[in-house]
Amino acid sequence: MKLLNPDKRYLFPDDFMADPSVHVFNGRIYIYPSHDWECENVENDNGDQYVMKDMHVLSINGDPMTGKVTDHGKALDIADIPWAGRQLWDCDCAEKDGKYYLYFPLKDQNDIFRIGVAIADRPEGPFIPQPDPIRGSYSIDICVLEDKGEYYLYFGGIWGGQLQRYRDNKALESACLPEGDEPALPSRCVRLSKDMLQFAEEPRPILVVDAEGNPLKANDPHRFFEASWVHRHNGRYYLSYSTGDSHLLCYAIGDNPYGPFTYQGVILTPVVGWTTHHSIIEYDGKWYLFHHDSVPSGGKSWLRSLKVCELTHDADGRILPIDGGGDPWEE
């Protein structure tokens, strides 16, 4: 398959940041990344090397490929979150009625990931955290979609993201990770309450299915692993996600926020570094893919740098795949 190789820009060479959630607020692009730190932890499947302990908000003045990037400073610190344990991972932000709500995964003092909420009067923060996590929340990798006046929160990640420790939104006594031809673990979606501070319903599984309507299998290299993102294009809903250990960004299309979503293809081939995590936005009539890689750190998977490039939907609405610059890949 022919890959596009559009111009790519490193957005913030002064620091290591990753997992960008990106939105346009008040005509300006705002980036909500996780903040990587150098550490001595050994890399493992639990992600102990990702020791994030605060987050900054960045914004871009104008065109994402050329506009000035501003660091608005520390927007949230783990020290200010009453229930905090460790590892303040990726987040996302939504605006409602002039308030900005930041949703973040964080391990509590029992080392279990929960989802917290922090509130600000401006998109750049600072954000003031609520005293407790969202009731019934778990796992990682937040995306918030506003659709027809409702707000939907997508989340979930396996391995270190702990999604395999839950079934039907209840904690399991022992983790259960599907294998082989078993259906892959799906991400989750939940509608938020009107005050944006709690779940309005039980989280639902978000199925990625093949052309025949069968859920993708656990051994499929295109199955969901983490990093859900949803954007709308020509009236359809595009769920994109990372495949984790097969190092791809893939996407599927559905007719509503809950899916099911039918698998379509690869967005981004492997990058340099283990993880791949992204967001997709439209700005001034063009589409952009924000992601990260580990080229500037010499390949250290826990020291990643933010990137952006243009993304193309063809006439049929399919996303044309982009060369991530990492290991060679063939569909």
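What you see is a predicted model, and the numbers here were worked out from it, not measured in a lab. (Residues numbered from 1 in each chain as written. Predicted model: local features only at pLDDT ≥ 70, side-chain atom pairs only at ≥ 80, totals over all residues. Heavy atoms only, no water.)

**Focus: the sheet that holds strand S12 (residues 150-155)**
Condition: At least two DSSP bridges between two strands are required for those strands to pair. Each helix corresponds to a stretch of at least 4 residues labelled H or I by DSSP, and each strand to a stretch of at least 2 residues labelled E; elements are numbered beginning at the N terminus. An axis is simply a line fitted to the C-alpha atoms; with a helix, the fit covers only the stretch in contact. Between two such axes, the angle follows the N-to-C directions and lies from 0 to 180 degrees.
With respect to topology, 4 strands assemble into an open sheet ordered S11-S12-S15-S16, the strand pairing being antiparallel. Two strands in the sheet have a free side with no partner beyond their single neighbour: strand S11 (143-147) and strand S16 (204-206). Between one strand axis and the next, the sheet turns through 30 degrees on average, direction left out of account. For S12 and strand S15 (residues 187-191), the ladder comprises 4 bridges, and the chain directions are antiparallel.

**A short note on the packing of aromatic side chains**
Threshold: For Phe, Tyr and Trp, rings pair up if their centres lie within 6.5 Å, where Trp contributes its six-membered ring, and each pair is then called stacked (planes under 30 degrees apart), edge-to-face (over 60) or tilted (otherwise). Charge-over-ring contacts are defined here by two conditions on Lys NZ or Arg CZ: a distance within 6 Å of the ring centre and an angle within 35 degrees of the ring normal.
One pass over the structure, following the stated rule, counts 14 aromatic pairs. Look at Phe155 and Phe199: their rings are 6.2 Å apart centre to centre, the planes differ by 15 degrees, and that puts the pair in the stacked class. Highlighted residues: Phe155 in strand S12 and Phe199 in the loop between S15 and S16, separated in sequence by 44 residues. Joined through ring pairs, the aromatic side chains of Phe25, Tyr30, Tyr32 and Tyr100 make up one cluster. The side chain of Lys53 reaches across the aromatic face of Trp37, ending 4.1 Å from its centre. Geometry around Tyr258 places Arg204 over its ring, the cationic atom sitting 3.7 Å from the centre.

**Focus on the sheet that holds strand S21 (residues 261-268)**
Taken in spatial order, the 5 strands line up as S17-S21-S20-S19-S18 in an open sheet, and their pairing is mixed. The sheet is open, and its two borders are formed by strand S17 (208-209) and strand S18 (226-233), each paired with just one other strand. Looking at chain direction, strand S20 (residues 249-254) and S21 are connected through 5 bridges and run antiparallel. What sits directly across from Tyr251, in S21, is Gly265.

**Quick word on the nonpolar core**
Note the threshold: For this analysis, a nonpolar core means a set of buried residues of the types Ala, Val, Leu, Ile, Met, Phe, Trp, Tyr and Cys, connected via side-chain atoms within 4.5 Å. Under the scheme applied here, a residue whose accessible area is under 20% of the maximum for its type counts as buried, over 50% as exposed, and between as partly exposed, the area being computed with a 1.4 Å probe on protein chains only. What makes two residues a contact is simply this: any of their non-hydrogen atoms within 4.5 Å.
Membership of the largest hydrophobic core comes to 57 residues, with the highest contact counts inside it found for Tyr103, Leu153, Ile267 and Leu289. Not counting chain neighbours up to four residues away, the residues in contact with Leu289 comprise Leu249, Ile267, Leu268, His278, Ser279, Ile280, Lys307, Val308, Cys309, Leu311 and Ile322. Formed by 21 residues, the second largest nonpolar core is a distinct cluster that contains Val57, Ala75, Ile78 and Leu88.

**Regarding the environment of Met55**
Tracing the backbone through its elements, the reader meets Met55 in strand S4 (residues 54-61). For Met55 and Met17, which are 38 residues apart along the polypeptide, the C-alpha to C-alpha distance reads 8.9 Å. Dropping the residues within four chain positions of it, Met55 is found in contact with Tyr32, Pro33, His35, Gly73, Lys74, Ala75, Leu76, Leu88, Cys91 and Leu102.

**Regarding the pattern of salt bridges**
What counts, and what does not: Salt bridge, as used here, is a side-chain nitrogen of Lys or Arg placed within 4 Å of a carboxyl oxygen of Asp or Glu.
Taken as a whole and assessed by the stated rule, the structure comprises 17 salt bridges. Its salt-bridge partner being Glu124, residue Arg122 comes within 3.8 Å of it at the nearest N-O pair. Classification of Arg122 by relative accessible area gives partly exposed; the value is 45%. Across the pair Asp245 and Arg223 runs a salt bridge, and its minimum N-O distance is 2.9 Å. Placement of Asp245 in the loop between strand S19 (236-242) and S20 and of Arg223 in the loop between S17 and S18 is noted, with a sequence separation of 22 residues between them. On the basis of relative accessibility, which here comes to 33%, the residue Asp245 falls in the partly exposed class. Look at Arg223 and you get buried, because its relative accessible area is 9%. Three or more residues are tied together by salt bridges with common partners; here these are Asp19, Asp36 and Arg304.

**Details of the pairing of strand S8 (residues 99-108)**
Taken across its 10 residues, S8 has 9 buried, putting it largely inside the fold. The hairpin formed by strand S7 (residues 92-96) and S8 contains 2 residues between the paired strands, and Asp97 there has a positive phi angle of roughly 50 degrees. For S8 and strand S9 (residues 113-120), the ladder comprises 8 bridges, and the chain directions are antiparallel. Note on S9: the bridge partner recorded for Pro105 is Ile115. A loop of 4 residues connects S8 with S9, the two strands running antiparallel in sequence, and Asp111 in this loop sits at a positive phi of about 65 degrees.

**Examining the side chain of Ser242**
Our working rule: Polar contact is defined as a pair of N or O atoms within 3.5 Å, subject to the rule that within protein one atom must be able to donate a hydrogen and the other to accept it, and that residues adjacent in sequence are counted only when both atoms are side-chain atoms.
Counting through the fold element by element, Ser242 comes out in strand S19. On the accessibility criterion, Ser242 (0% relative accessible area) is buried. A polar contact is formed between the side chain of Ser242 and the backbone nitrogen of Gly244, at a distance of 3.1 Å. If near-sequence neighbours (up to four positions away) are discounted, Ser242 is found in contact with Arg223, Phe224, Phe225, Glu226, Ala227, Leu248, Leu249 and Thr276.

**Observations regarding the side chain of Ser294**
Within the secondary structure layout, Ser294 lies in the loop between strand S23 (286-293) and strand S24 (305-311). Reaching out from Ser294, the side chain makes a polar contact with the backbone oxygen of Lys300 at a distance of 3.0 Å. Other than its neighbours up to four places away in sequence, Ser294 contacts Val272, Gly273, Gly299, Lys300, Ser301, Leu303 and Arg304.

**Considering the environment of Tyr154**
As for its position among the elements, Tyr154 is in strand S12. In this structure the C-alpha to C-alpha distance between Tyr154 and Trp302, which are 148 residues apart in sequence, comes to 24 Å. Polar side-chain contacts of Tyr154 include one of 2.6 Å to the backbone oxygen of Pro257.

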